[in-house]
Protein chains: 2
Amino acid sequence: MESKLAVVALGALAHETRLQIFRLLVRAGSAGLSVGKIAEALAIEANGRLTFHLKELVVAGLASSRQEGRFVFYSTDYVAMNELLRYLTEDCCGGLGCQDIVESCDAEHCA
Amino acid sequence: MESKLAVVALGALAHETRLQIFRLLVRAGSAGLSVGKIAEALAIEANGRLTFHLKELVVAGLASSRQEGRFVFYSTDYVAMNELLRYLTEDCCGGLGCQDIVESCDAEHCA
DNA sequence: GAAACAATTTAACGATTATTGAAATATGGA
DNA sequence: TCCATATTTCAATAATCGTTAAATTGTTTC
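Residues numbered from 1 in each chain as written. Chains lettered and ligands numbered in written order. Predicted model: local features only at pLDDT ≥ 70, side-chain atom pairs only at ≥ 80, totals over all residues. Heavy atoms only, no water.

Further remarks concern unusual backbone geometry. Residue and element names in this part refer to chain B. Residues other than glycine seldom take positive phi values, yet Asp91 does so here, at roughly 55 degrees. Along the chain, Asp91 falls in the segment after helix H5 (78-88). Its relative accessible area of 30% is what places Asp91 among the partly exposed residues. One non-glycine residue, Cys93, lies in the positive phi region at around 55 degrees. Within the secondary structure layout, Cys93 lies in the segment after H5. (Helix = DSSP H or I, 4+ residues; strand = E, 2+ residues; numbered from the N terminus. Buried < 20%, exposed > 50% of the residue type's maximum accessible area, 1.4 Å probe, protein only.)

This paragraph deals with the sheet that holds strand E3 (residues 71-76) of chain B. All names here are of chain B. A sheet is described by the order of its strands in space; here three strands give the open sequence E1-E3-E2, paired in antiparallel fashion. For this open sheet the edge positions go to strand E1 (33-34) and strand E2 (63-68), each flanked by a neighbour on one side alone. Judged from the two bridges that link them, E1 and E3 form a sheet pairing that is antiparallel. Among the inter-strand pairings, Ser34 is bridged to a residue of E3, identified as Phe73. (Pairing = 2+ DSSP bridges.)

All names here are of chain B. Secondary-structure assignment places Thr76 in strand E3. Residues in contact with Thr76, not counting those within four places in the same chain, are Phe22, Leu25, Val26, Leu62 and Ala63. A polar side-chain atom of Thr76 sits 3.2 Å from the main-chain carbonyl oxygen of Leu25. (Contact = heavy atoms within 4.5 Å. Polar contact = N/O pair within 3.5 Å; in protein donor to acceptor, adjacent residues only side chain to side chain.)

See below:
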């Protein structure tokens, strides 16, 4: 993972609402959730601001969206998530027994 | 981990220089590195900006500092790091086989 | 023990970027 | 067409960034 990508991803997560959205999507699995369901789960309005935050997560590569009828579903990109976690802990303690931290939660595993 | 703590920690990491500092400290282990060494390793100046970034990491709980002679050493708080990673991936996919992602890299393990 | 030096911190400034709310605009389904 | 869902636009507000310069802390030397 490149440094700038990680910065963008971390910046996307460094926001109260977006962090809750992300954690919600992580729990939701690959199926994802519609914008309305996300708003309902977090007790916020499904307005322009929510769209803005969702887009930030997508631009950061942490989530993706797909349209189904008149609903738009958002879901976590588990591969990107794991790349980010691995980037943060890369070569931990000089590589003395601290590698391979993140080995689950990839797309296929969580499908 | 509380939500606001995570936001602060992520915000601290969401910066090119601070992210590199953090990754450098993660590699360095519990012994840590002096401000001068950090500046040298990242090829940046040991000026006010660097101090500001280091402080951000400390305030965010991701690093700690100790004075040794006229040098100040900064080191990763591995417990906080793991709490953050765990918070991000908590109950991944509804808890279906995606838990216990981060189990190494804690303070004692990496000492 | 005081002056000189190195390492680190604090403070001030303008410039850039992120966040918000409100209103208008698509898009799909009954 | 009409309604529900979701997105876009835009201007105002707020937060963050980097540079520079001055101040502080600890060490050494005379």
